[in-house]
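Read off the chains here:
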Amino acid sequence: MSLKLAQVDYIAVSQRSFLHMWPTMPKLSGSMILLVGIIAASNLRQGAVLLCLLIGLLLSARLPVWLFSLALYPAFFSIPFALAQLSTSCAAAIAVICKAVSAALLLALLVASTPYPQLFGAMARALPPLITDALFFAYRLFFITLGSIQRLLLSLRQRGAFGRRNFVWSCRAALHALGYLMVNTLSISQRLDQNYRLRGYGAKGCLTTEKVAWRAIDGVLLVALVVLVGGVLWLG
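Calculation criteria
- Each chain has its residues counted from 1, following the order in which its sequence is written.
- Residues qualify for local features only when their pLDDT is at least 70, as the model is predicted, and side-chain atom pairs are given and counted only at 80 or more; totals for whole chains, interfaces and linings, by contrast, use all residues.
- Side-chain figures throughout are based on the complete set of non-hydrogen atoms in the structure, without hydrogens or water.
- Segments assigned H or I by DSSP are reported as helices when at least four residues long, segments assigned E as strands when at least two residues long, and all are numbered from the N terminus.
- Burial classes follow relative accessibility: with a 1.4 Å probe on protein chains only, a residue under 20% of its type's maximum area counts as buried, one over 50% as exposed, and anything between as partly exposed.
- What makes two residues a contact is simply this: any of their non-hydrogen atoms within 4.5 Å.
- In this description, accessible areas are obtained by the Shrake-Rupley approach with a 1.4 Å probe, and a residue is regarded as covered only by the protein chains that are shown.
- Under the pairing criterion, centres of Phe, Tyr and Trp rings, with the six-membered ring standing for Trp, must be within 6.5 Å; the plane angle then separates stacked pairs below 30 degrees from edge-to-face pairs above 60, leaving the rest tilted.
- The way it works is a 1 Å grid over only the protein atoms, where trapped points that fit a 1.4 Å probe form a cavity and open points with protein on both sides within 12 Å along at least five of seven lines form a pocket, and then any residue with an atom within 4 Å of a point lines it.
- Grid points are joined across faces, edges and corners, and a volume is the space filled by probe spheres set on the points.
- Put simply, Ala, Val, Leu, Ile, Met, Phe, Trp, Tyr, Cys and Pro go in the nonpolar bin, Asp, Glu, Lys and Arg in the charged bin, and everything else, Gly too, in the polar bin.
- Between the N-to-C directions of two axes lies an angle of 0 to 180 degrees, each axis being a line fitted to C-alpha atoms and, for a helix, fitted only over the stretch in contact.
- Any angle that falls under 35 degrees is termed roughly parallel, while one over 145 is termed roughly antiparallel, one within 65 to 115 roughly perpendicular, and all others oblique.
- Helix crossings fall into two classes, left-handed where the near helix is turned counterclockwise from the far one by less than a right angle and right-handed where it is turned clockwise.
- We define a salt bridge as a side-chain nitrogen of Lys or Arg found within 4 Å of a carboxyl oxygen belonging to Asp or Glu.
- What makes a patch is a set of residues exposed beyond 30% relative accessible area and free of salt bridges, joined within 9 Å when like-charged and within 5 Å when nonpolar (Val, Leu, Ile, Met, Phe, Trp, Tyr).
- Polar contacts, as counted here, are pairs of nitrogen or oxygen atoms within 3.5 Å of one another; within protein the pair requires one atom able to donate a hydrogen and one able to accept it, and residues that are adjacent in sequence qualify only if both atoms are side-chain atoms.

**Here we look at the overall build of the chain**
Counting its secondary structure elements, the chain contains 12 helices and zero strands. Overall, the chain shows an N-to-C arrangement of helices and strands of α-α-α-α-α-α-α-α-α-α-α-α. For the chain, buried positions account for 34% of its 236 residues. A fraction of 76% describes how many contacts in the chain between residues 6 or more apart in sequence connect residues 24 or more apart. Of the roughly 14800 Å² of accessible surface on the chain, a fraction of 69% belongs to carbon and sulfur atoms.

Pasting the structure below:
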């Protein structure tokens, strides 16, 4: 899972497709239109059509197919809500899972096609600079912590942890590793804070927002997306 998240970040920077070339603000607007459509979907047919639309975007942008697997995690957590809808109908229960998968796939497409500085730069237009910077630093610290977890697990496995014969020792080693990870994460966050302060950061906003130059094609695409989503909800 951690390796896939790092690969998503790499795809957003290295790969080129029509989704990557679409400016950030129109892309966020299009994502919001699709998200509203997913939330407003009231039956299985509407949810399935929107999910097929997102899968079509995934394939046409030539993004890795395994991105769809990231959308399956929310489907697992939506199972209790789906079970609650079984009393209504089986289609209603499947529609709940379909909506969860669609929303997660939409987020995966957005993150995999937009570098995170551009995402947080766009968020800085609507959120206070301090909150945006906190999210930005937390995002970076998240990947640094993932690297620490991977190295720690590799070290424990090389020393024979998590084996069937070393259950007691493995539990003790896991507890020690968890404590080390917590202390190490706090240490890394303090070093990041010191580094940014040495470079002049003073909680005044480190992310610069680029000037948004809306093109005519962006407006046409958004209008077409509104018509498409509205047609699915109307005819579905």
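Right, picking up where we left off after that structure.
**A closer look at the packing of aromatic side chains**
Tallied over the entire structure, the rule returns one aromatic pair. With centroids separated by 5.5 Å and ring planes inclined at 80°, the aromatic side chains of Phe76 and Phe77 adopt a geometry described as edge-to-face. In terms of burial, Phe76 and Phe77 fall into one category: exposed.

**A closer look at the layout of surface pockets**
Estimates place the volume of the largest pocket at around 550 Å³. In terms of lining, the largest pocket is formed by 24 residues, of which the most central are Leu107, Ala108, Val111, Leu119 and Tyr139. Contributing elements (two or more residues each) for the lining of the largest pocket: helix H1 (2-14), helix H3 (24-40), helix H6 (72-77), helix H8 (90-113), helix H9 (116-123) and helix H10 (129-158). The residue inventory of the lining of the largest pocket, partitioned by class, reads 22 nonpolar, no polar and two charged.

**Details of the packing of helix H4 (residues 44-60) against H8**
Remark: H4 packs on H8, axes separated minimally by 9 Å, with the N-to-C direction vectors making an angle of 25°. Judged by the inter-axis angle, H4 sits roughly parallel to H8. Between H4 and H8 the crossing geometry is left-handed. Of the residues in H8, those touching H4 at Leu44, Gly47, Ala48, Leu51, Leu54, Ile55, Leu57 and Leu58 are Ala91, Ile94, Ala95, Cys98, Val101, Ser102, Leu105, Leu106 and Leu109. Considered class by class, the residues forming the contact of H4 with H8 number 15 nonpolar, two polar and no charged.

**Quick look at the packing of H3 against H4**
Where H3 meets H4, the axes come as close as 9 Å, and the angle between the chain directions of the two elements is 150°. Taken together, the axes of H3 and H4 lie roughly antiparallel to each other. The chirality of how H3 crosses H4 is left-handed. Contacts between H3 and H4 pair Leu34, Gly37, Ile38 and Ala40 from the former with Gln46, Leu50, Leu53 and Leu54 from the latter. Split into classes, the residues belonging to the contact of H3 with H4 amount to six nonpolar, two polar and no charged.

**Focus: the pattern of salt bridges**
The final tally for this structure, using the stated rule, is one salt bridge. Residue Arg215 is joined to Asp218 by a salt bridge in which the shortest nitrogen-to-oxygen separation is 2.9 Å. Take Arg215: its relative accessible area is 42%, and that puts it in the partly exposed class.

**Focus: a nonpolar patch on the surface**
Together, Tyr73, Phe76, Phe77, Ile79, Leu83 and Leu86 make up a nonpolar patch on the protein surface, roughly 650 Å² of accessible area in all. Those elements that place two or more of their residues in the nonpolar patch are H6 and helix H7 (79-84). Turning to its location among the elements, Phe76 is positioned in helix H6. A residue is classified by how much of its surface remains accessible, and Phe76, at 56% relative accessible area, is exposed.

**Some points on the side chain of Ser78**
Tracing the backbone shows Ser78 in the loop between H6 and H7. A polar atom in the side chain of Ser78 sits 2.8 Å from the backbone oxygen of Ala75. With residues near it in sequence (within four places) discarded, Ser78 still touches Val96, Ile97 and Ala100.

**Topic: the environment of Gln118**
Take Gln118: it is sitting in helix H9. Owing to a relative accessible area of 37%, Gln118 belongs among the partly exposed residues under this scheme. Between the C-alpha atom of Gln118 and that of Met25, which follows or precedes it by 93 residues, the distance is 9.2 Å. Reaching out from Gln118, the side chain makes a polar contact with the side chain of Thr24 at a distance of 3.1 Å.

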